[in-house]
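Inside the fold
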Amino acid sequence: MQSKNYSDKNHRIKMTYYEKYMKRCIQLANNGLGATYPNPMVGSVVVFEDSILGEGWHQKAGKPHAEVNAIDSVKNKNLLSKSTIFVSLEPCSHFGKTPPCADLIIKHGIPKVVIGTTDPFAKVCGNGIKKLKEAGCEVIVGVLEDECQELNKRFFTFHQKKRPYIFLKWAETSNKFIAPEQKKEVNPHWITNLFSRQYTHKIRSKEEAILVGTNTVLHDNPKLDTRHWQGKNPLRVIIDRELKTPKKFSVWDESTDTIFITEKRENAKFKNTFFENICFSENIAEQICRILYKKGIQSLIVEGGRNVLQQFIDAKLWDEAFVFIGKSTFKNGIKAPALKDASLQKTMLFGEDHLFIYKNSQQ
């Protein structure tokens, strides 16, 4: 059979039917958030006569893909040759850590494949669709395409823009300061409450890396971990031009992988602390993005301080911003960064704290 595009007028009548099952694919795929790197999140359902026979999602890199789990969950395999398989991302066509999913679909004689969006990864990128078409499958592409691309915004940004998906995050007082002017002690000066901090750690548990500058480390001695939420600690990225962070500080504790962005050389050897040299007279944000891309890092949280955040904003290297606003005020202090091209997407309330989530309208 020939491939049919979802946008063709003759097939718009089936829009609600297709979307119903694609929404379920997206829902399933989200179960893998934070666990599938470097792979994308994918969900799949097998449908026979408007009933779901099987479903699955990609749970962890190196483990079976969503299509495999969905097909394996079908009890009566004889029905596969009369069924439709829905998948949020184009089935792979190459041998990686697992065999090609397109081959599995063909093997079981599934006649119809409904795909949310094509895969931007060079080894797939249309080849899975091509293989299915050549085997005689009816292929429909583009069902809830925007939603399916949003699901894997990190994966798409990494492969298409050659950089991590970048989240900015900071907390500011009700009068727009992110820190007091002077601090007498080296520890965090909390602007937000414990509920907001817990949510911050939840965010950290889903992303691959977190970045702060020298002043934030020297003033707050942050751990940059997920101690208030169950999950993996992100890679710590510290901008420290002169490597002046004292060795007794938490970022040197070897508890998790850490990269120092510096112009100095460190002769001592560490188990999981690494050093990357950049030119500080050039665009720092761009250089960091290149380093993280080469290391395969698909997402980054930039937590500060103000100068670091503003550098990423001014370089137009950000995708989303999480801005917490607490009820406290400072008489004087360090002003919050100035967002540009920001489109408000969502607001949340944590006790008396407000969270505003923005997207970069120019990305």
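Model, not experiment: these values are computed from the prediction. (Residues numbered from 1 in each chain as written. Predicted model: local features only at pLDDT ≥ 70, side-chain atom pairs only at ≥ 80, totals over all residues. Heavy atoms only, no water.)

This paragraph deals with empty space enclosed by the protein. All told, the structure shown has one cavity of 30 Å³ or more when counted by the stated rule. In this structure, the largest cavity encloses a volume near 70 Å³. Forming the boundary of the largest cavity are 13 residues, of which Thr36, Tyr37, Met41, Asn152 and Arg154 lie nearest the centre. (1 Å grid on protein atoms, 1.4 Å probe; cavity = no way out; pocket = protein on both sides within 12 Å on 5 of 7 lines; lining within 4 Å. Points joined across faces, edges and corners; volume = space filled by probe spheres on them.)

This part is about the sheet that holds strand β12 (residues 273-277). Read from one edge of the open sheet, nine strands run β12-β11-β10-β9-β13-β7-β14-β17-β16, paired in mixed fashion. Each edge of the sheet is formed by a strand with only one pairing partner; in this case those strands are β12 and β16 (342-350). Here the strands of the sheet are splayed against their neighbours by 20° on average, with no regard to which way each runs. In this structure, strand β14 (residues 320-325) lies alongside strand β17 (residues 353-360), joined through six bridges in antiparallel fashion. Bridge pairing links Phe322 to Ile357 in β17. Docked against the sheet, helix α6 (residues 153-161) engages β7 (165-172), β13 (299-304) and β14, running at close to 120° with respect to β7. Running over the sheet, helix α9 (residues 284-294) touches β7, β9 (209-212), β10 (235-239), β11 (258-262), β12 and β13 and is turned about 150° from β10. (Pairing = 2+ DSSP bridges. Helix = DSSP H or I, 4+ residues; strand = E, 2+ residues; numbered from the N terminus. Axes fitted to C-alpha atoms, helices over the stretch in contact; angles between N-to-C directions. Contact = heavy atoms within 4.5 Å.)

The subject of this paragraph is the nonpolar core. Judged by nonpolar contacts, the single largest core of 32 residues is most densely connected at Leu168, Leu211, Ile261, Val302 and Phe312. The element contributing the most residues to this core is α9, with six residues. Leaving out residues up to four positions away in the same chain, Leu168 has contacts with Val302, Leu309, Phe312, Ile313, Trp318, Glu320, Ala321, Phe322 and Leu339. By size, the runner-up hydrophobic cluster in this structure holds 25 residues, among which are Ile210, Leu224, Val251 and Met348. (Core = buried A, V, L, I, M, F, W, Y, C linked by side-chain atoms within 4.5 Å. Buried < 20%, exposed > 50% of the residue type's maximum accessible area, 1.4 Å probe, protein only.)

Attention shifts here to the UniProt feature "binding site: Zn(2+)" (unreviewed entry) in the chain. The UniProt feature table records "binding site: Zn(2+)" (unreviewed entry) at His65, Cys92 and Cys101. What stands out for the annotated residues spanning 37 residues is how close their C-alpha atoms remain, the widest pair being 9.2 Å apart. Among the structural elements, His65 can be located in the loop between β3 (51-57) and α2 (66-72). Among the residues examined, His65 registers a relative accessible area of 18% and is labelled buried. Relative to the helices and strands, Cys101 is located in helix α3 (residues 101-107). Residue classification places Cys101 among the buried positions, given a relative accessible area of 1%. Apart from residues no more than four positions distant in its own chain, Cys101 is found in contact with His65, Glu67, Val68, Pro91 and Cys92. (UniProt positions renumbered as here; feature names shortened; annotations may be inferred.)

To continue, consider the pairing of β3. With six bridges connecting them, strand β2 (residues 43-48) and β3 associate as antiparallel partners. Pairing of Val46 across the sheet is with Gly54, part of β3. Linking two consecutive strands that pair antiparallel, namely β2 and β3, is a turn of two residues; a positive phi of about 50° is found at Glu49 within it.

Quick look at the side chain of Arg236 now. Examined against the element boundaries, Arg236 turns out to sit in strand β10. Take Arg236: its relative accessible area is 0%, and that puts it in the buried class.

For the rest of this paragraph, the subject is unusual backbone geometry. Omega for the peptide link from Tyr37 to Pro38 comes to 5°, which places this bond in the cis form. Position of Pro38 among the secondary structure elements: in the loop between α1 (15-29) and β2. Of note, the bond from Gly304 into Gly305 is cis; its omega dihedral lies within 30 degrees of zero at 5°. One can find Gly305 in the loop between β13 and α10 (306-314). We note that Leu144 has phi near 50°; this positive angle belongs to a residue other than glycine. Here Leu144 lies in the loop between β6 (138-141) and α5 (145-151). In this structure, Lys176 is a non-glycine residue whose phi angle is positive, near 70°. Among the structural elements, Lys176 can be located in the loop between β7 and β8 (177-180).

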